[in-house]
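Architecture at a glance
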Amino acid sequence: MVEKILIVEDEISLQETLAYNLKKQGYEVVIAGDGPSALEVVRNSKPDLILLDIMLPGMDGFEVCRKLRSEVSTPVLMLTARDDEIDRVVGLEVGADDYLTKPFSMRELIARVKAMLRRVKIIRDEINLINSGADQRSFFEFDKIKIDLGRRELRVDNKIVNLKPKEFELLIYLIRHKNQVLSRDQILESVWGWEYIGDSRTVDVHVRWLREKIEEDPSNPKRIITARGAGYRFEG
Ligand code: CA
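Heads up: these notes are all about the structure in this document. (Residues numbered from 1 in each chain as written. Predicted model: local features only at pLDDT ≥ 70, side-chain atom pairs only at ≥ 80, totals over all residues. Heavy atoms only, no water.)

Some remarks on unusual backbone geometry
At the junction of Lys-102 and Pro-103, the peptide bond is cis and its omega measures out at -5° in the coordinates. Mapped onto the fold, Pro-103 is located in the loop between β5 (98-101) and α5 (106-131). Positioned with a positive phi, Asp-157 is a non-glycine residue whose angle comes to about 60°. Along the polypeptide, Asp-157 turns up in the loop between β8 (153-156) and β9 (159-161). One non-glycine residue, Asn-179, lies in positive phi territory at about 65°. Inspection of the secondary structure assignment puts Asn-179 in the loop between α6 (165-176) and α7 (184-192). (Helix = DSSP H or I, 4+ residues; strand = E, 2+ residues; numbered from the N terminus.)

Brief notes about the coordination of the calcium ion
Looking at the calcium ion, the protein donor atoms are Glu-9 (OE), Asp-10 (OD), Asp-53 (OD) and Met-55 (O), and they sit 2.1 to 2.8 Å from it. Donor residues for the calcium ion, ordered by position in the chain, follow E-D-x42-D-x1-M. (Donors = N, O, S within 2.8 Å, 3.2 Å for Na, K, Ca; no water.)

Describing the pairing of strand β6 (residues 139-142)
Across the two faces of β6 the burial differs, with Phe-140 and Phe-142 buried and Phe-139 and Glu-141 not buried at all. Note: β6 against strand β7 (residues 145-148), four bridges, orientation antiparallel. Bridge pairing links Glu-141 to Lys-146 in β7. The loop that links β6 with its antiparallel partner β7 comprises two residues; one of these, Asp-143, has a positive phi angle of about 50°. (Buried < 20%, exposed > 50% of the residue type's maximum accessible area, 1.4 Å probe, protein only. Pairing = 2+ DSSP bridges.)

What about the side chain of Asp-97?
On the secondary structure map, Asp-97 appears in the loop between α4 (85-93) and β5. Within the structure, Asp-97 has its side chain in polar contact with the side chain of Arg-69 (distance 2.9 Å). From its side chain, Asp-97 meets the backbone nitrogen of Val-76 in a polar contact 2.8 Å long. (Polar contact = N/O pair within 3.5 Å; in protein donor to acceptor, adjacent residues only side chain to side chain.)

Structure, rendered in structure tokens:
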């Protein structure tokens, strides 16, 4: 199966360079020059990965990402012009999976794209396995926390809690390795699939969000425990 990548970028020269290099790697490429057409392409041609520039005319990349996330869980690699901490944090908050700061090398971009697609495939295989019934553990329950893996659904106190795709994957990863201390790098590699050691604060930010959703008192967590200097542990 040829994987399809959507490039959302208004600069024609960068559009062309990206498309050329991705096609050379054997990917199918679709292009959108602004937010509204990007949303339309996503609905119609269902890409496997989205490269999303932040600086777009009209609707910026953050807004596009927010809108995308309300419809699909396709991985998003954000292209930021500045190495700006705020851009990175906002990018993660609106649901981007990774970001790359301009200027970047094509080698760097291709490596990141491959890592993200590989991660998607692992998750897809895992979900297929669950759906086929081969994995008996498709439900998890810890007191008020109930998870239905097949439906990718979390309930706390019987109420459905909305999780971003990465929050869900992180939660499942922690639960699958419950009562074990997992280092931030281990979590980054397994949940984000980054080949290099990324920014471990990404993990901290997502843990904070998860605690706000599943812990009775997020400042005094009983489920996702910080192992000082070592990482995190799910108490189960
Ligand atoms: Ca641009």
